[in-house]
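# Commentary on secondary and tertiary structure
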Amino acid sequence: MGLEETISANIKKAQNLREQGIEPYPIRTPETRAIAEVKTRFEENPLDDVVGVAGRLTGRRAHGKVAFGDIQDETGKIQLFMRSQEIGPEGMDLFNGLDLGDWVWARGPVVRTRRGEISVDVRELVLLSKSLRPFPDKWKGIADPEIRYRQRYVDLMVNPSVKQVFRKRATVIDSLRELLQQRGFLEVETPALQPLYGGAAARPFVTHHHVLDSTLYLRIALELHLKRLLVGGLRRVFEIGKCFRNEGMDRLHNPEFTLLEAYEAFSDSEGMMSLTEDLIRAAALAACGRLDIEYQGTPIDLGAQFECLSMIPTLSERLSLDPMTAPLDDLAHACHVRGVEEIPEKADRTWFIDRLFSVAVEPELVQPTFVTGHPLDMSPLAKSGEDDPERASRFELFVAGRELVNGYSELNDPVKQRERLLRQRRNETFEEHLVDEDFLRALEYGMPPAGGLGLGVDRLVMLLTDQQSIQDVILFPQMRPEAEKAKGDVPLVGIDASALVPIHVDQMRRA
RNA sequence: GGGGGCGUAGCUCAGUUGGCAGAGCAGCAGACUUUUAAUCUGACGGUCGCAGGUUCGAUUCCUGCCGCCCUCACCA
């Protein structure tokens, strides 16, 4: 039977049940216990406990007058033991008419079958929700990454490890939030829709507000609003939120991603480095229960003192030339040697340093490593360092060859800030990037000296769940829209299309 | 955007050096009173991603397109 036939056959099954007085999509679920809890309780104390459980049917083994089924809820799986003598022929018929994927509720004493499987000896069976689509292969599950990402619900129902990843994701975020709150950071929410974007160099998503008749952008970073709050007198603030960058997608980049940014008045880059270590360790302990973890087969020790490298001397040593003084031709040559094919017209010293560092040094920063002392014009929102005015008081944390955290002593001199933003603006290649005058106005009221950090939450989750693609830690990663005639899609089977009244766009808007 | 790989039944995958399209699971019909990837019997299920081209004949070869994955580029 093909897909369409299967679906219409299942719609018919549901109709038949209705005719027999069985509602295939009832409102109420009788009292239900978590499957994992039922099993552990039985193991501790195998009383003849009668329980109600609810879950999705994931397996069925029928033997005539006896049958077995597996149901699965979020906590685990338990076997249903169906006996004609207990539940009657109608009960057996109902059970045998179920499809894998159906949600059911069952009640009965918990028992152990002859083969030792903890089971519910079913005395009452209720269909909770009829599934119309065929259930994926019970043994192999879903392997096609396209289905896994586009139809995460299917991935989740058959691939148990996926659920684990997203549980850990929640644990990681909880632990970050908890630690910051313990330290007196106030969690805030700032606008995601903004008339101006800033705080990073990235191309924004652009949208339009009808009533205001104005262009709005989705934020590319949280920074500029959080700093306004420091101006307002909030001493410690943080936000965990989605940011949006209209750039390429790959295993480390999704157009929308989750950023944690935290700002602390009277702190600085060094204070933020220490906070970074604490955050990473708290998250690791919460998610993995340990600090010595493994990522893609490589042991990573988050417990040891994080190494600290100065960007320019490290690069200089690696290239055997001083990137701050060497002729640009030499830097271009170094790029070619390392397989960097294209060098843009606009490439200046900063570009070369950034690029060379990322190809020559970053991949080797496997153990947690702070990189400090970035060139100042790579860091327009950071203060310059005390020793060298051309270097920023800034750090980036790399783990497993990737940037995880970026932080600095926040620039609070409004005059310098304006200068640096204007200089930055001249370098912009894409659209006109307006300077955020309100941000500068805020600084002009006086922002206390402060440290700030930004942490890529998705990447941290990747590290702690040992996933190699950002798509594996985002429930619904961005994909190209499905074609009109989508894979596995079928027309409205079993539905009288004439009953569907078209709705006007105007009406939808009002709704 | 460049390069590489992949796309076959609802799912997981074989296969065709160009000649009637295959399996397991699921689904359908039946048998079965302790199974757990149950077993057994039977029938069904395909626009071989889409569109062109070459050919007596294309799922197979060629071109273009679509989608996914990898990689490079872009990306503070």
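Residues numbered from 1 in each chain as written. Chains lettered and ligands numbered in written order. Predicted model: local features only at pLDDT ≥ 70, side-chain atom pairs only at ≥ 80, totals over all residues. Heavy atoms only, no water.

### Looking at the overall build of chain A
Rule in force here: To qualify as a helix, a DSSP run of H or I must reach at least 4 residues; to qualify as a strand, a run of E must reach at least 2; elements of each kind are numbered from the N terminus. Three labels apply to residues, based on accessible area from a 1.4 Å probe with only protein chains included: buried if under 20% of the type maximum, exposed if over 50%, partly exposed otherwise in between. Note on contacts: a residue pair qualifies if any of its non-hydrogen atoms lie within 4.5 Å across the two residues. Exposure was quantified through the Shrake-Rupley algorithm and a 1.4 Å probe, taking into account, for residues, occlusion by the shown protein chains and nothing else.
Along its length, chain A carries 15 helices and 19 strands. In terms of principal-axis extent, the alpha carbons of chain A reach across some 90 × 60 × 50 Å. For chain A, the proportion of its 511 residues judged to be buried stands at 47%. Once local pairs closer than 6 in sequence are excluded, the contacts in chain A between residues at least 24 apart make up 65%. Carbon and sulfur atoms provide 50% of the accessible area of chain A, an area that totals close to 27100 Å².

### Some words on helix H13 (residues 437–445)
Formally: It is the directions from the helix axis to the C-beta atoms whose arc is reported.
Phe 439, Leu 440, Ala 442 and Leu 443 are the residues of H13 that are buried. Projected down its long axis, H13 carries its buried residues within an arc of 155°, all on one side. Two residues or fewer after H13 comes Gly 446, characterised by a positive phi angle close to 105°.

### Quick look at the sheet that holds strand S12 (residues 256–265)
Cut-off, in case you're wondering: Strand pairing is assigned whenever DSSP identifies at least 2 bridges connecting the two strands. Here an axis means a line fitted to C-alpha atoms, over the contact stretch when the element is a helix, while the angle between two N-to-C directions is reported on a 0 to 180 degree scale.
Here eight strands make up an open sheet; going across it, the order is S7-S11-S12-S19-S18-S17-S16-S15 and the pairing mixed. Strands with a single pairing partner mark the edges of an open sheet, and in this sheet they are strand S7 (186–187) and strand S15 (307–310). Of the strand pairs in this sheet, S15 and strand S16 (residues 369–372) are connected by four bridges, and their pairing is parallel. Note on S16: the bridge partner recorded for Leu 309 is Val 371. Against the sheet, helix H6 (residues 160–182) contacts S7, strand S11 (236–244), S12 and strand S19 (450–456), and its axis sits at roughly 150° relative to S11. Where helix H9 (residues 311–319) meets the sheet, it contacts S15 and S16, and its direction lies at approximately 75° from that of S15.

### Quick notes on unusual backbone geometry
Phi is positive for Asp 213, close to 45°, though the residue is something other than glycine. Mapped onto the elements, Asp 213 comes out in the loop between strand S9 (206–209) and strand S10 (214–218). The class for Asp 213 is exposed, based on a relative accessible area of 58%. Within the chain, Ala 400 stands out as a residue other than glycine whose phi angle is a positive 55°. For Ala 400, the position within the fold is in the loop between strand S17 (394–399) and strand S18 (402–409).

### Let's talk about the pairing of strand S4 (residues 103–112)
Of all the ten residues making up S4, seven are buried; the element is thus mostly covered by neighbouring parts of the structure. As judged from the seven bridges shared by strand S1 (residues 50–62) and S4, these two strands associate in the antiparallel manner. Bridging across to S4, Val 50 finds its partner in Pro 109. As defined by bridge partners, S4 adjoins strand S5 (residues 118–121) across three bridges and the pair is classed as antiparallel. Bridged to Arg 112 within S5 is Ile 118.

### What to know about a nonpolar patch on the surface
Here is the rule we go by: Patch definition: residues with relative accessible area over 30% and no salt bridge; like charges joined within 9 Å; nonpolar side chains (Val, Leu, Ile, Met, Phe, Trp, Tyr) joined within 5 Å. Whenever Lys or Arg places a side-chain nitrogen within 4 Å of a carboxyl oxygen from Asp or Glu, that contact is recorded as a salt bridge.
A surface patch of nonpolar side chains, about 330 Å² in accessible area, is lined by Tyr 153, Leu 475 and Phe 476. Counting through the fold element by element, Phe 476 comes out in the loop between helix H14 (457–465) and helix H15 (505–510).

### Digging into the protein's contact with RNA strand B
This is how the line gets drawn: Note on terminology: near, applied to a residue and a molecule or strand, indicates that one of the residue's heavy atoms is within 4 Å of it. Nitrogen and oxygen atoms within 3.5 Å of one another constitute a polar contact, given that in protein one can donate a hydrogen and the other can accept it, and given that sequence-neighbouring residues count only through two side-chain atoms.
For RNA strand B, the set of nearby residues contains 53 residues, the closest of which are Thr 113, Arg 115, Lys 138, Arg 251 and Arg 480. In the interface set of RNA strand B, defined as its atoms within 4 Å of the protein, sugar plus phosphate atoms amount to 60%. Between RNA strand B and the protein, one listed contact pairs a phosphate oxygen with a side-chain N or O atom of Arg 60 at 3.4 Å. One of the side-chain nitrogen or oxygen atoms of Gln 471 is found 2.7 Å away from a phosphate oxygen of RNA strand B. Looking at the surface near RNA strand B, the elements with two or more residues in it are helix H1 (3–19), S1, strand S2 (66–72), strand S3 (77–83), helix H4 (145–150) and helix H11 (349–360).

### Here we look at a negative patch on the surface
So the rule is basically this: When charges are tallied, Lys and Arg are placed among the positive residues and Asp and Glu among the negative ones, while His and the ends of the chain are skipped. In plain terms, the charge of a residue is placed at NZ if it is Lys, CZ if Arg, CG if Asp and CD if Glu.
Negative charge collects at one region of the surface, where Asp 268, Glu 270, Glu 386 and Asp 387 lie side by side. Within the secondary structure, Asp 268 is located in the loop between S12 and helix H8 (269–288).

### Here we look at the domain arrangement of chain A
Definition in use: Residue ranges for the domains originate in an automatic or database domain assignment. Reported buried area values correspond to the accessible surface (1.4 Å probe) lost by two parts on association, with both partners' losses combined.
According to the domain assignment, chain A contains domain 1 (3–135) and domain 2 (157–306 + 368–472). One C-alpha centre belongs to domain 1, the other to domain 2; they are set 48 Å apart. Taken together, the contact pairs five residues of domain 1 with four residues of domain 2. In total, domain 1 and domain 2 occlude about 410 Å² of area from one another, counting both sides; carbon and sulfur atoms represent 44% of this. Inspection of the domain 1/domain 2 interface yields one salt bridge. Among the salt bridges present, the one from Arg 167 reaches Glu 74, with a minimum N-O distance of 3.6 Å. On the surface where domain 1 and domain 2 come into contact, there are two residue pairs in polar contact (both at pLDDT 80 or more).

### Re the packing of H9 against H11
Stated formally: Any angle that falls under 35 degrees is termed roughly parallel, while one over 145 is termed roughly antiparallel, one within 65 to 115 roughly perpendicular, and all others oblique. Crossings are classed by handedness, with left-handed meaning an anticlockwise turn of the near helix from the far one by less than a right angle and right-handed meaning a clockwise turn. When residues are grouped by polarity, Ala, Val, Leu, Ile, Met, Phe, Trp, Tyr, Cys and Pro land in nonpolar, Asp, Glu, Lys and Arg in charged, and all others, Gly among them, in polar.
Viewed as axis vectors pointing N to C, H9 and H11 meet at an angle of 65°, and their least axial separation amounts to 10 Å. Classified by the angle their axes make, H9 and H11 are roughly perpendicular. Considering how the two elements wind past one another, H9 and H11 form a crossing that is left-handed. Two secondary-structure elements touch here, H9 through Met 311, Ile 312, Leu 315, Arg 318 and Leu 319 and H11 through Ile 353, Leu 356, Phe 357 and Ala 360. Tallied by class, the residues present in the contact of H9 with H11 amount to eight nonpolar, no polar and one charged.

### Section: the side chain of Arg 391
The topology assignment puts Arg 391 in the loop between S16 and S17. A relative accessible area of 18% places Arg 391 in the buried class. With sequence-adjacent residues up to four places away left out, Arg 391 is seen in contact with Ile 312, Pro 313, Met 324, Gly 373, His 374, Leu 376, Lys 383, Ser 384 and Gly 385.

### Quick look at the environment of Ala 106
Position of Ala 106 among the secondary structure elements: in strand S4. Taking the C-alpha atoms as reference points, Ala 106 and Glu 74, 32 residues apart in sequence, are found 16 Å from one another. Among residues more than four places away in sequence, those in contact with Ala 106 are Val 51, Gly 52, Val 53, Leu 80, Val 122, Glu 124 and Leu 125.

### With respect to the environment of Ala 262
When you line up the elements, Ala 262 lands in strand S12. Residues Ala 262 and Ile 87 lie 175 residues apart in sequence; the distance between their C-alpha atoms is 60 Å. Beyond its immediate sequence surroundings of up to four residues, Ala 262 is in contact with Leu 180, Phe 185, Val 237, Phe 238, Met 272, Gly 451, Gly 452 and Leu 453.

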